[in-house]
Amino acid sequence: MAEAQTILAHSRESGIVGIASGEQYKWAHTALAESGFQRGEAGAWHLPADDTGTTVLDLVRCAQRHRTSVHTSSRRFIGDAASDLARQLPGRWEASVELYSHPAWQEDLVPWIWDGGELGRALQNERIPYAAILTDTVHDTTLLFVERPGSHLDYLVGAFAPEGFEEGYGDPHAPHSIVLPPYPGRAAQALTDRYLPAYDRAVHARRTAAIAAALDEIRNEYETWQAMVASGRYSDATPLDAPPSAPRSRTSSTSPGTASFRSSTTPPPCSTSAAPPSVRGPRMLRPSPA
């Protein structure tokens, strides 16, 4: 794959849309800008509606000067496909577009996908330079909608890990992504009838497993405490029924050439040959890290 490339798709609202991709995607940005494209809010480039002089051929010529290849997608712009699907789903769904121009951005996405099917494998093994996010604003369900690699028509949809689940990669409770047709009505029916119920069951199973694990931990800690009480000892081996220890006398340890005193209340004998006591200053505190 070229270090920089531009993918062209058609949008009913924006006309021709250009998406930059590759490790040197900024070369594609330069070619698009010099060819008359303007950058939109989602990061995709498009030709202004009043620009009738710029052609795809102009972009190809400019892209060659900036070492960028140009490819034409057989699909419509993914933002349009996602918006049409969101309108067909029950409830309140919103669609937005995300670009993963640099391959590292796609790699950062992988840990947060909660999927045990084809979508998770595709994100790890295939180049996916852009996607759409479908968000249920009522139930906070967030789905990833991508063009299915190796297909000219189909799409893949899977879920992000729900809030509170932290990362979702490798979770055995994760639902399996499904393949969607390019027709919004049929795709919405497949999501509603198959995927979303499976997603809800997976969320319930994951939360049930988390509660069971927490209860097991509490039970283990309680059994450990009971064993300690039965043995009559704290965790530091002090008997539970031991009387409070008497205050220790301030006796210094005896070593050759050093006097030992039995009680701190007994004044030490005077000696003109004894060395003066050492004087310690205030304890130095370690500065807290910035």
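Predicted, not measured: the structure shown is a model, and the values here were computed from it. Numbers given for residues are sequential positions, taken from 1 along each chain in its written order. Note on the predicted model: pLDDT of at least 70 is required for a residue's local features to be given, and 80 or more for side-chain atom pairs to be given and counted; whole-chain, interface and lining totals, by contrast, use all residues. To obtain the side-chain values, all non-hydrogen atoms of the structure were included, while hydrogens and water were left out.

I keep staring at a nonpolar patch on the surface and nothing clicks. Help me out?
Taken together, the side chains of I211, L215 and I218 define a hydrophobic patch exposed on the protein surface, amounting to about 300 Å² of accessible area. Three exposure classes are used, based on accessible area relative to the maximum for each residue type with a 1.4 Å probe and protein chains only: buried under 20%, partly exposed in between, and exposed over 50%. The exposure class of I211 is exposed, given its relative accessible area of 52%. Put simply, a patch holds well-exposed residues, over 30% relative accessible area, that have no salt bridge, with like charges counted together within 9 Å and Val, Leu, Ile, Met, Phe, Trp or Tyr side chains within 5 Å. The accessible surface values rely on the Shrake-Rupley method and a 1.4 Å probe; as for residues, cover is taken only from the protein chains in view. For this document, the term salt bridge refers to a Lys or Arg side-chain nitrogen within 4 Å of an Asp or Glu carboxyl oxygen.

Before we go on, may I ask you to explain the packing of aromatic side chains in this structure?
In summary, the pairing rule links any two rings of Phe, Tyr or Trp, Trp by its six-membered ring, whose centres are within 6.5 Å, and it sorts them by plane angle into stacked for under 30 degrees, edge-to-face for over 60 and tilted for everything else. Considering all chains together, one arrives at 4 aromatic pairs under this definition. Centroid distance F145 to Y155: 4.7 Å. Interplanar angle 15 degrees. Geometry classified as stacked. Placement of the pair is F145 in strand β9 (residues 141–147) and Y155 in strand β10 (residues 155–160), with a sequence separation of 10 residues. A relative accessible area of 3% places F145 in the buried class. For Y155, a relative accessible area of 4% translates into the label buried. Site record: aromatic cluster; members linked through ring pairs are W114, Y195 and Y199. Any Lys NZ or Arg CZ that is within 6 Å of a ring centre and within 35 degrees of that ring's normal is treated as a charge sitting over the ring. Between R75 and the ring centre of Y155, over which it is positioned, the NZ or CZ distance is 5.0 Å. Strands here mean DSSP runs of E at least two residues long; helices mean DSSP runs of H or I at least four residues long; both are numbered from the N terminus.

Please clarify how the sheet that holds strand β3 (residues 38–39) should be interpreted in this entry.
Strands pair in a sheet through their backbones, by hydrogen bonds, and they do so in one of two ways: parallel or antiparallel. With respect to topology, 5 strands assemble into an open sheet ordered β3-β4-β2-β1-β5, the strand pairing being mixed. Either end of the sheet is taken by a strand with one partner, and the two such strands are β3 and β5 (69–76). When DSSP locates at least two bridges between a pair of strands, those strands are taken to pair. Here strand β1 (residues 5–11) runs beside strand β2 (residues 15–21); their pairing, made up of 7 bridges, is antiparallel. Each residue of the ladder has a partner; that of L8, found in β2, is G18. In this fold helix α1 (residues 25–34) packs onto β1, β2, β3 and β4 (45–46), with an angle of close to 150 degrees to the strand it touches most, β2. What makes two residues a contact is simply this: any of their non-hydrogen atoms within 4.5 Å. Axis lines are fitted through C-alpha atoms, for helices just across the contact stretch, and the angle between N-to-C directions can take any value from 0 to 180 degrees. The strands touched by helix α3 (residues 78–88) within the sheet are β1 and β5, with β5 carrying the most contacts at an inclination of about 20 degrees.

That's the geometry; what it means functionally is another story.
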